[in-house]
Amino acid sequence: MNKEYLYTEIANGIASQIRKGILKTGDKLPSVRKLCTDHHISMNTAKRVFLELESQSLVDSKPQSGYFVSNILSVKLPLSEVSKPSLIANNDEPDELINKVYENIGKKDITIFSIGIPSGDLLPQAKLKKEIINATRTLKEGGTEYEEIQGNLKLRRMIALRSLQWGGNFHENDLITTNGGMNALSFCLMALGKPGDTIAIESPCYPGILQLANGLGLKVLELPTHPTTGIEIEALKKVIPKINLCLLIPNYNAPLGSLMSDENKKEVVKILSENNIPLIEDDVYGDLYFGSNRPKCCKSFDKEGNVLYCSSISKTLAPGYRVGWIAPGKYKDKILKLKLLHSTSSISIVNETVANFMKNGYEKHLQQMRKSLQNNYQNYVHTIAESFPEGTKTSRPQGGLSLWVEFDKNIKTTELYDLAIKENISIAPGRMFTLQNQYENCMRLCFGLPWNEETQSKLRQVGNLAKRVYKI
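Residues numbered from 1 in each chain as written. Predicted model: local features only at pLDDT ≥ 70, side-chain atom pairs only at ≥ 80, totals over all residues. Heavy atoms only, no water.

Remarks on the pairing of strand 6 (residues 219-223)
This is how it is decided: Burial classes follow relative accessibility: with a 1.4 Å probe on protein chains only, a residue under 20% of its type's maximum area counts as buried, one over 50% as exposed, and anything between as partly exposed. Secondary structure counts use DSSP, requiring at least four H or I residues in a row for a helix and at least two E residues in a row for a strand, with both numbered from the N terminus. What makes two strands pair is DSSP finding at least two bridges between them. Here a crossover is taken to be right-handed if, once the strands point away from the viewer, the path from the first strand over the helix to the second is traced clockwise.
Taken across its five residues, strand 6 has four buried, putting it largely inside the fold. Of the pairings in the sheet, the one linking strand 5 (residues 198-202) to strand 6 comprises five bridges and is parallel in character. From the neighbouring strand, isoleucine 201 faces strand 6, where its bridge partner is glutamate 222. Traced from strand 5 through helix 8 (residues 207-215) to strand 6, the parallel crossover comes out right-handed.

Things to note about the sheet that holds strand 17 (residues 442-446)
One open sheet holds the four strands; their spatial order is 13-14-17-16, and the pairing between them is antiparallel. Bordering the open sheet on either side are strand 13 (393-394) and strand 16 (428-429), each of which pairs with just one other strand. Pairing of strand 14 (residues 402-406) with strand 17, which is carried by five bridges, proceeds in the antiparallel orientation. Looking at strand 17, one finds that valine 405 is bridged to methionine 443.

A closer look at the packing of aromatic side chains
Threshold: By convention, a stacked pair of Phe, Tyr or Trp rings (six-membered ring in the case of Trp) has centres within 6.5 Å and planes under 30 degrees apart, an edge-to-face pair has planes over 60 apart, and any other such pair is tilted. Any Lys NZ or Arg CZ found within 6 Å of a ring centre and within 35 degrees of that ring's normal is scored as a charge over the ring.
Using the criterion set out here, one finds 14 aromatic pairs in the structure. Between the aromatic rings of phenylalanine 113 and tyrosine 380, the centroid separation amounts to 6.0 Å while the plane-to-plane angle is 85°, which identifies the pairing as edge-to-face. Placement of the pair is phenylalanine 113 in the loop between strand 3 (111-112) and helix 5 (125-138) and tyrosine 380 in helix 13 (residues 362-387), with a sequence separation of 267 residues. Residue classification places tyrosine 380 among the buried positions, given a relative accessible area of 0%. Sitting over the ring of tyrosine 289, arginine 370 keeps its end group 4.0 Å from the ring centre.

Here we look at the nonpolar core
Here is the rule we go by: Put simply, a nonpolar core is a bunch of buried Ala, Val, Leu, Ile, Met, Phe, Trp, Tyr and Cys residues held in one set by side-chain atoms that sit within 4.5 Å of each other. In what follows, residue pairs with any heavy atoms lying within 4.5 Å of each other are defined as contacts.
In terms of nonpolar packing, the biggest core is built from 83 residues, with Ile199, Leu416, Met443 and Leu445 touching the most fellow members. For this core, the element with the most residues is helix 7 (residues 181-192), which contributes seven residues. Other than its neighbours up to four places away in sequence, isoleucine 199 contacts Leu189, Ala213, Leu218, Lys219, Val220, Leu221, Leu245, Cys246 and Leu247. Leu128, Ile159, Tyr321 and Val354 belong to the second largest nonpolar core, which has 24 residues in total.

As for the pattern of salt bridges
A side chain with one charge can pair with a side chain of the opposite charge if their charged atoms come near. Spelled out, the test is: The rule for a salt bridge is simple: a side-chain nitrogen of Lys or Arg has to be within 4 Å of a carboxyl oxygen of Asp or Glu.
Using the criterion set out here, one finds 17 salt bridges in the structure. Between aspartate 197 and lysine 194 there is a salt bridge; the shortest N-O distance is 3.2 Å. On the basis of relative accessible area, aspartate 197 is assigned to the buried category, the value being 8%. Here lysine 194 falls in the exposed class, since its relative accessible area comes to 51%. As a salt-bridge pair, aspartate 302 and lysine 299 come within 3.0 Å of each other at their nearest N and O atoms. For lysine 299, a relative accessible area of 11% translates into the label buried. Each of Arg162, Asp283, Asp287, Arg294 and Glu363 takes part in salt bridges that share partners, so that together they form one network.

A word on empty space enclosed by the protein
In this approach, a probe sized like a water molecule rolls over the atoms, and the result shows the empty space that is left. Test applied: Here a cavity means grid points, on a 1 Å grid over the protein atoms only, where a 1.4 Å probe fits yet cannot get out; a pocket means an open set of points with protein on both sides within 12 Å along at least five of seven lines; lining residues are those with an atom within 4 Å of a point. Grid points are joined across faces, edges and corners, and a volume is the space filled by probe spheres set on the points.
Evaluated as defined, the whole model comprises one cavity of 30 Å³ or more. Taken together, 17 residues make up the lining of the largest cavity; nearest its centre are Arg162, Asp287, Arg294, Tyr309 and Trp325. Within the residue set of the lining of the largest cavity, elements represented by two or more residues are helix 6 (153-162) and strand 11 (307-312). When residues in the lining of the largest cavity are grouped by element, the largest group, three residues, is from strand 11.

Digging into unusual backbone geometry
Negative phi values dominate among residues other than glycine, just as trans dominates among peptide bonds. Note that the residue after serine 203, namely proline 204, is joined by a cis bond; omega there is 0°. Looking at the secondary structure, you find proline 204 in the loop between strand 5 and helix 8. In this chain, alanine 254 is followed by proline 255 through a cis amide linkage whose omega measures 15°. Inspection of the secondary structure puts proline 255 in the loop between strand 9 (245-248) and helix 10 (262-274). With a phi close to 50°, asparagine 169 is a non-glycine residue in the positive phi region. Topologically, asparagine 169 is positioned in the loop between helix 6 and strand 4 (176-178). Positive phi, close to 60°, is recorded for threonine 344, a residue that is not glycine. As for its position among the elements, threonine 344 is in the loop between helix 11 (332-342) and helix 12 (348-359).

A short note on the state of the cysteines
Convention followed: Criterion for a disulfide: a pair of cysteine sulfur atoms at a distance within 2.5 Å.
Per the counting criterion, the structure on display carries zero disulfides. The structure places no disulfide on cysteine 205, whose sulfur is separated from the nearest cysteine sulfur, that of cysteine 246, by 10 Å. Among the residues examined, cysteine 205 registers a relative accessible area of 2% and is labelled buried.

With respect to the layout of surface pockets
Applied cut-off: Residue type decides the class: Asp, Glu, Lys and Arg count as charged, Ala, Val, Leu, Ile, Met, Phe, Trp, Tyr, Cys and Pro as nonpolar, and the leftover types, Gly among them, as polar.
Of the volumes computed, that of the second largest pocket is approximately 640 Å³. Lining the second largest pocket we find 24 residues, and of these Lys108, Ile110, Ile112, Ser119 and Leu449 sit closest to its centre. Put simply, the parts of the chain that give the lining of the second largest pocket at least two residues each are strand 3 and helix 15 (453-471). The dominant element in the lining of the second largest pocket, judged by the number of residues it contributes, is helix 15, at three residues. Considering only residue class, the lining of the second largest pocket consists of 11 nonpolar, seven polar and six charged.

A short note on the sheet that holds strand 5
What counts, and what does not: Under this scheme, a helix contributes an axis fitted over its contacting stretch, all axes are lines through C-alpha atoms, and angles between N-to-C directions fall in the 0 to 180 degree range.
The strand order across the open sheet formed by seven strands is 4-12-11-10-9-5-6, and the pairing between neighbours is mixed. With partners counted over all chains shown, the strands left at the sheet margins are strand 4 and strand 6, one partner each. Geometrically, the sheet is characterised by an average inter-axis angle of 20° between neighbouring strands, direction not taken into account.

Here's the deal with the pairing of strand 10 (residues 279-282)
Burial along strand 10 is two-sided: the residues Leu279 and Glu281 and Ile280 and Asp282 are all buried. Alignment of strand 9 against strand 10, held across three bridges, turns out to be parallel. Bridge assignment links cysteine 246 to a residue of strand 10, and that residue is leucine 279. Regarding the hand of the β-α-β motif, the stretch spanning strand 9, helix 10 and strand 10 is right-handed. Strand direction decides the pairing type here: strand 10 and strand 11, joined by four bridges, are parallel. In the strand pairing of strand 11, aspartate 282 is matched with cysteine 310.

What follows is the structure, given as structure tokens:
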């Protein structure tokens with residue numbers, strides 16, 4: 001049997017026993033060695049079984065003791081609903097609300113649950129400072145010269161090398177660096193869309209994408225999206241005659257944290273390619289997986305060069321460095337022309353710094369960060385179950401930074417935001433993530449803050465304020 005299938009089958013069997021209550025909270029699972037003996041598998045395959053179960057928050061590992069059934073299943077939080085947006089393009093942008101929330105960026109006296117970036121406490125700041133100094137020493141003219149238009153060669157080589165993890169198989173010449181992930185998406189939309197064109201996206205969707213599409217004069221069509229598995233394929237098929245572009249975040253999208261299956265990614269690529277509709281893929285969260293393997297991307301299944309793959313280090317390493325990239329496929333010339341027109345060159349010193357860190361230290365940093373984020377997610381869920389109003393629903397992210405919270409219809413999260421900000425807490429109301437009148441009772445929480453007593457206290461406070469809004 002294929003090893004990939006075998007470890008998944010064993011993990012699914014144990015997961016089923018846990019969910020049915022055959023294995024209960026606190027029960028000790030068989031050791032790695034016993035799993036090897038029972039299933040005639042290697043140590044590596046057995047370890048992957050437990051990593052997969054950990055990624056689903058079903059088991060916890062205890063040093064020197066083994067694996068135990070997690071107590072997260074004792075938390076009875078229902079799954080968020082599948083979104084049901086209108087399949088008619090809409091452009092009712094919540095500008096005032098978005099601006100009100102985002103103006104809190106950088107304010108040190110506010111606990112920011114609203115912005116989807118990792119806290120500096122989770123980032124290797126000291127090592128990055130050293131790499132900045134090294135970059136000024138090694139670059140010609142200390143980094144004061146322009147880079148070549150495609151971007152830092154060393155960085156493009158490192159990105160190409162890392163793409164092998166998910167089947168990207170990039171060559172350095174396939175890539176163009178940009179000033180962050182939004183700059184990458186902006187180039188793609190400008191290159192392929194024109195005012196009046198219609199773009200299909202997930203719903204709910206990251207506010208920056210909504211604002212960007214609106215600003216470029218595009219009509220936005222929101223697709224029904226499952227909180228665990230992403231967009232509904234049948235809904236996409238129905239709107240094919242109406243759309244000119246598609247932009248998706250298949251891996252741990254913001255704000256749901258949903259993850260599309262490989263089968264669905266492959267199907268989406270096929271449908272769009274057959275209809276000559278470009279797919280812009282935003283993969284900024286792909287490295288933040290909780291399981292044993294990085295998920296594949298839509299670009300993994302692209303044979304025609306129809307997928308424009310975009311990513312950055314803004315969610316994994318240094319938001320303020322503004323380092324991103326595009327693998328634009330057959331649209332490379334269009335993207336290069338736009339980069340020359342709008343920015344000419346990326347920032348030499350910063351790109352050199354990131355390239356060096358990717359070569360030495362990035363994987364270890366990501367391993368630590370993924371573990372911290374998974375623990376944070378589990379702590380958030382426990383605190384929400386203890387402190388939030390009865391009936392609160394949440395998404396089930398298997399990676400990323402976002403947790404979607406759904407309240408009773410009587411709770412308006414715009415009102416909750418106003419109460420919370422008075423207590424120096426910022427949340428992201430659900431209305432920010434759509435151009436339609438929906439998600440008023442929802443919000444996005446970022447679990448990228450360090451988990452400590454203060455974070456837990458502030459999260460409990462949000463729950464208590466939500467109860468107050470309900471009574472109002």
